[in-house]
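Per-entry structural report
What follows is the residue order along each chain.
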Amino acid sequence: NDLGYSDTWDNESDAYLIVFSLEYDGLKLPDFDKSYPSAETDSNGINTIWLGSRISGVFNKNGMENFQCRYIPEIIEEQGTAEICDPQKAIAAVKGRMESIALNNSSYKYCISGCELIYLPYPKDDGYLLTPAWLFIEETQVPEGSGYASYYDDIFVNAVTGMIYE
């Protein structure tokens, strides 16, 4: 193939998704879309929505099948990094959430497999407000057969308030 990758393509449906995350003025933006029914809504009661910024491509044995470029075009305000809460507060919130869930599912195993600071774009006026958030990757191991199957979930903590987005 002409992708510079030496993998064999066994099936017509075999494909790779390659995603490049983007930054704004050195601040990492999420590369996925997410919405939550949460207490954080706009004046119209609309749920919190984070729009992903990314460059992505889908490649298969025929070459590039799909290409997308999405970017939040109008950043009108950034919440300063001086307002970021102590990371221990965010960790304590995540730990409390995991302990609460573990009480109801004692056969499951939970751990955090990653954490990073990202900036979530919220619609505001005619643009977006960038708000800092801690992104934790939660791994849940569920009994399956004679072993465990792993499932992953994102936990977002507002890096200003230390509260988990639910």
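This structure is a prediction, so every number in the text was calculated from the model and none was measured.

Topic: the overall build of the protein chain
Looking only at helices and strands, the protein chain has 1 helix and 11 strands in total. Reading the secondary structure of the protein chain in the N-to-C direction produces β-β-β-β-β-β-β-β-α-β-β-β. For the protein chain, the residues scored as buried account for 31% of the 166 residues in total. Across the protein chain, contacts joining residues at least 24 apart in sequence account for 56% of those joining residues at least 6 apart. As presented, the protein chain carries roughly 10100 Å² of accessible surface, and 50% of it is formed by carbon and sulfur atoms.

Quick look at the environment of lysine 61
Among the secondary structure elements, lysine 61 is positioned in the loop between β6 (54–60) and β7 (63–70). Relative accessible area serves as the criterion here: at 39%, lysine 61 is assigned to the partly exposed category. Considered as a pair, lysine 61 and aspartate 10 are 51 residues apart in the sequence and their alpha carbons are 8.9 Å apart.

Focus: the packing of aromatic side chains
Two numbers describe a pair of aromatic rings. These are the distance of the centres and the angle of the planes. The tally for this structure, following the rule as stated, stands at 1 aromatic pair. When the ring of tyrosine 108 is compared with that of tyrosine 110, the centres are 6.3 Å apart and the planes differ by 50°; the resulting orientation is tilted.

Re the pattern of salt bridges
Side chains that carry opposite charge are capable of pairing whenever their charged atoms lie near each other. Tallied over the entire structure, the rule returns 2 salt bridges. Arginine 97 serves as the salt-bridge partner of glutamate 138, at 3.3 Å between the closest nitrogen and oxygen. Of the two residues, glutamate 138 sits in strand β10 (residues 127–144) while arginine 97 sits in helix α1 (residues 87–104), which places them 41 residues apart along the sequence. Where aspartate 153 meets arginine 97, a salt bridge forms, and the shortest distance between an N and an O atom there is 4.0 Å. Highlighted residues: aspartate 153 in strand β11 (residues 147–158) and arginine 97 in helix α1, separated in sequence by 56 residues.

Criteria and thresholds
Numbers given for residues are sequential positions, taken from 1 along each chain in its written order. Thresholds applied to this predicted model are a pLDDT of at least 70 for local features of residues and 80 or more for the giving and counting of side-chain atom pairs; totals over whole chains, interfaces and linings are not thresholded and use all residues. No hydrogens and no water enter the side-chain calculation; it runs on all heavy atoms of the structure. For the purposes of this entry, the term helix denotes a DSSP run of H or I that reaches at least four residues, the term strand denotes a run of E that reaches at least two, and both are numbered from the N terminus. Note on exposure labels: buried denotes an accessible area under 20% of the residue type's maximum, exposed denotes more than 50%, and partly exposed covers the range between, all computed with a 1.4 Å probe on protein chains only. Whether two residues touch is decided by their heavy atoms; if any such pair falls within 4.5 Å, the residues are in contact. All accessible areas in this document rest on Shrake-Rupley with a 1.4 Å probe, and a residue is counted as covered only by the protein chains that are shown. The rule is short: rings of Phe, Tyr and Trp, with Trp giving its six-membered ring, pair when the centres are within 6.5 Å, and they are stacked under 30 degrees, edge-to-face over 60, tilted in between. Within this document, salt bridges are pairs made up of a side-chain nitrogen of Lys or Arg and a carboxyl oxygen of Asp or Glu, the two lying within 4 Å of each other.

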